[in-house]
Amino acid sequence: MASYDENVQKIKDIVCDILEIEEDEVTETSLFKEDHQADSLRSIEILAGLEKEFSVTIDQSELARMVNLKGVYEVVAEAAGW
């Protein structure tokens, strides 16, 4: 089983790839929409990428919580049962 740090890094990689930003531009609490100009389509792409990477199903209603890396980790952790 992957460690917390490995999972956080995978999530960060997916988010940075989809938002087309450098890893050092995103922090645990920087907001995707406000700080990184992510639109709702990007949010759905992030959700789909996470589902594929971690073999989980995430309800689209969770997008409201997935505003930064911390929120994304919490949603994925719940879905994956970490």
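Residues numbered from 1 in each chain as written. Predicted model: local features only at pLDDT ≥ 70, side-chain atom pairs only at ≥ 80, totals over all residues. Heavy atoms only, no water.

Draft legend 1. Broad picture of the packing of helix α1 (residues 4–19) against helix α3 (residues 40–54). Taken N-terminus to C-terminus, the directions of α1 and α3 make an angle of 145°; their axes are 10 Å apart at the nearest point. When the axes of α1 and α3 are compared, the crossing they make is right-handed. Contact residues: Asn-7, Lys-10, Ile-11, Ile-14, Val-15, Ile-18 and Leu-19 in α1; Arg-42, Glu-45, Ile-46, Gly-49, Leu-50, Glu-53 and Phe-54 in α3. (Axes fitted to C-alpha atoms, helices over the stretch in contact; angles between N-to-C directions. Helix = DSSP H or I, 4+ residues; strand = E, 2+ residues; numbered from the N terminus. Left-handed = near helix turned anticlockwise from the far one by under 90°. Contact = heavy atoms within 4.5 Å.)

Draft legend 2. Geometry of the packing of aromatic side chains. Going through the model one piece at a time under the given rule, you end up with 3 aromatic pairs. Look at Tyr-4 and Tyr-73: their rings are 4.9 Å apart centre to centre, the planes differ by 70°, and that puts the pair in the edge-to-face class. One end of the pair, Tyr-4, is in helix α1; the other, Tyr-73, is in helix α4 (residues 69–80), with 69 residues separating them in the sequence. What makes Tyr-4 partly exposed here is its relative accessible area of 44%. (Phe/Tyr/Trp six-rings, centres within 6.5 Å; stacked < 30°, edge-to-face > 60°. Buried < 20%, exposed > 50% of the residue type's maximum accessible area, 1.4 Å probe, protein only.)

Draft legend 3. Inspection of the packing of α1 against α4 at higher detail. The N-to-C vectors of α1 and α4 enclose an angle of 115°; their axes lie 10 Å apart at closest approach. The interaxial crossing formed by α1 with α4 has right-handed handedness. Residues Tyr-4, Asn-7, Val-8, Ile-11, Lys-12 and Val-15 of α1 form the contact with α4, whose participating residues are Leu-69, Val-72, Tyr-73 and Val-76. Broken down by class, the residue content of the contact of α1 with α4 amounts to 8 nonpolar, 1 polar and 1 charged. (Nonpolar A, V, L, I, M, F, W, Y, C, P; charged D, E, K, R; others polar.)

Draft legend 4. Structural view of the nonpolar core. Core analysis: the largest hydrophobic core is formed by 23 residues, its most contacted members being Ile-11, Phe-32, Ile-46, Leu-50, Ile-58 and Met-66. Among the secondary structure elements, those contributing two or more residues to this core are α1, α3 and α4. Discounting chain neighbours no more than four positions away, the residues touching Ile-46 are Ile-14, Val-15, Ile-18, Leu-19, Phe-32 and Met-66. (Core = buried A, V, L, I, M, F, W, Y, C linked by side-chain atoms within 4.5 Å.)

Draft legend 5. Region of interest: the pattern of salt bridges. Inspection of the entire model under this criterion finds 4 salt bridges. Glu-53 is the salt-bridge partner of Lys-10, the closest N and O atoms lying 3.8 Å from each other. Separated by 43 residues along the polypeptide, Lys-10 in helix α1 and Glu-53 in helix α3 bring together distant segments of the chain. Measuring nitrogen to oxygen at the nearest pair gives 2.9 Å for the salt bridge that ties Arg-65 to Glu-78. Here Arg-65 is found in the loop between α3 and α4, whereas its partner Glu-78 is found in helix α4, with 13 residues between them in sequence. Note on Arg-65: relative accessible area 31%, which makes it partly exposed. Glu-78 sits in the exposed class, given a relative accessible area of 52%. Salt bridges sharing common partners tie together Glu-62, Arg-65 and Glu-78. (Salt bridge = Lys/Arg side-chain N within 4 Å of Asp/Glu carboxyl O.)

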